[in-house]
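# Fold and contact review
Listed below, chain by chain, are the residues.
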Amino acid sequence: MKIISTKKAPAAIGPYSQAIQVGNLVYTSGQIPINPATGVFAEGGIKEQTRQSLLNVKAILEEAGLSMNDVVKTTVFMADMNDFADMNTVYAEFFAEPYPARSAVAVKTLPKGALVEIEVVAGK
């Protein structure tokens, strides 16, 4: 087991790692839309927050020597399922066929009042 950590994504705000590598697989923690340079949420709505969450995921994967093309499974947590179409539009900018498997669920609340949180499993 190897801990993956980068300053190009927000630091963990609790007792967890940004990601853990086990064998050839990397499991990221859920990424909320905090801009690591400013420490605050990306300005805007669900599209901007989705983009920042995925940029955070991308930075963590790059630290592990992987890319978004190596993602095999994503889980998207949203505060409001009515945001699904807008989230999906931005999500599609980050992935190409064959698309990773995905679950998308609405939850009551997310950390710090985020609109979206995204975690992935990636490997070669």
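A brief look at the structure comes next. (Residues numbered from 1 in each chain as written. Predicted model: local features only at pLDDT ≥ 70, side-chain atom pairs only at ≥ 80, totals over all residues. Heavy atoms only, no water.)

Attention now goes to the pattern of salt bridges. Scanning all chains against the criterion turns up three salt bridges. A salt bridge links arginine 51 to glutamate 93, with the shortest nitrogen-to-oxygen separation between them at 2.9 Å. Taken together, the residues arginine 51 in helix H1 (residues 46–63) and glutamate 93 in helix H2 (residues 84–94) connect sequence positions 42 residues apart. You can call arginine 51 partly exposed: its relative accessible area is 30%. (Salt bridge = Lys/Arg side-chain N within 4 Å of Asp/Glu carboxyl O. Helix = DSSP H or I, 4+ residues; strand = E, 2+ residues; numbered from the N terminus. Buried < 20%, exposed > 50% of the residue type's maximum accessible area, 1.4 Å probe, protein only.)

Further remarks concern a nonpolar patch on the surface. On the surface, Met1, Val22, Leu25, Tyr27 and Val72 cluster together into a nonpolar patch covering about 510 Å² of accessible area. Mapping valine 72 onto the fold places it in strand S4 (residues 71–78). With a relative accessible area of 44%, valine 72 lands in the partly exposed category. (Patch = residues over 30% accessible without salt bridge, like charges linked within 9 Å, V, L, I, M, F, W, Y side chains within 5 Å. Areas by Shrake-Rupley, 256 points an atom, 1.4 Å probe, with all protein chains shown as cover.)

Read from one edge to the other, the open sheet built from six strands follows the order S1-S2-S3-S6-S4-S5, with strand pairing classed as mixed. Edge strands, defined here as strands with exactly one partner in the open sheet, are strand S1 (2–4) and strand S5 (101–106). In this sheet, adjacent strand axes meet at a mean angle of 15° when their direction is disregarded. Contacting S1, strand S2 (19–22), strand S3 (25–28), S4 and strand S6 (116–123), H1 runs over the sheet at an angle of about 30° to S6. (Pairing = 2+ DSSP bridges. Axes fitted to C-alpha atoms, helices over the stretch in contact; angles between N-to-C directions. Contact = heavy atoms within 4.5 Å.)

On to H1, then. For H1, spanning 18 residues, the distance from its first C-alpha to its last is 26 Å, which sits close to the expected 26 Å at 1.5 Å a residue. If you check which residues of H1 are buried, you get Ile46, Gln49, Thr50, Gln52, Ser53, Leu54, Asn56, Val57, Ala59, Ile60 and Leu61. Lining the buried residues of H1 we find S1, S2, S3, S4, H2 and S6. One or two positions beyond H1, positive phi appears at glycine 65, with a value near 80°. (Expected span 1.5 Å × (residues − 1).)

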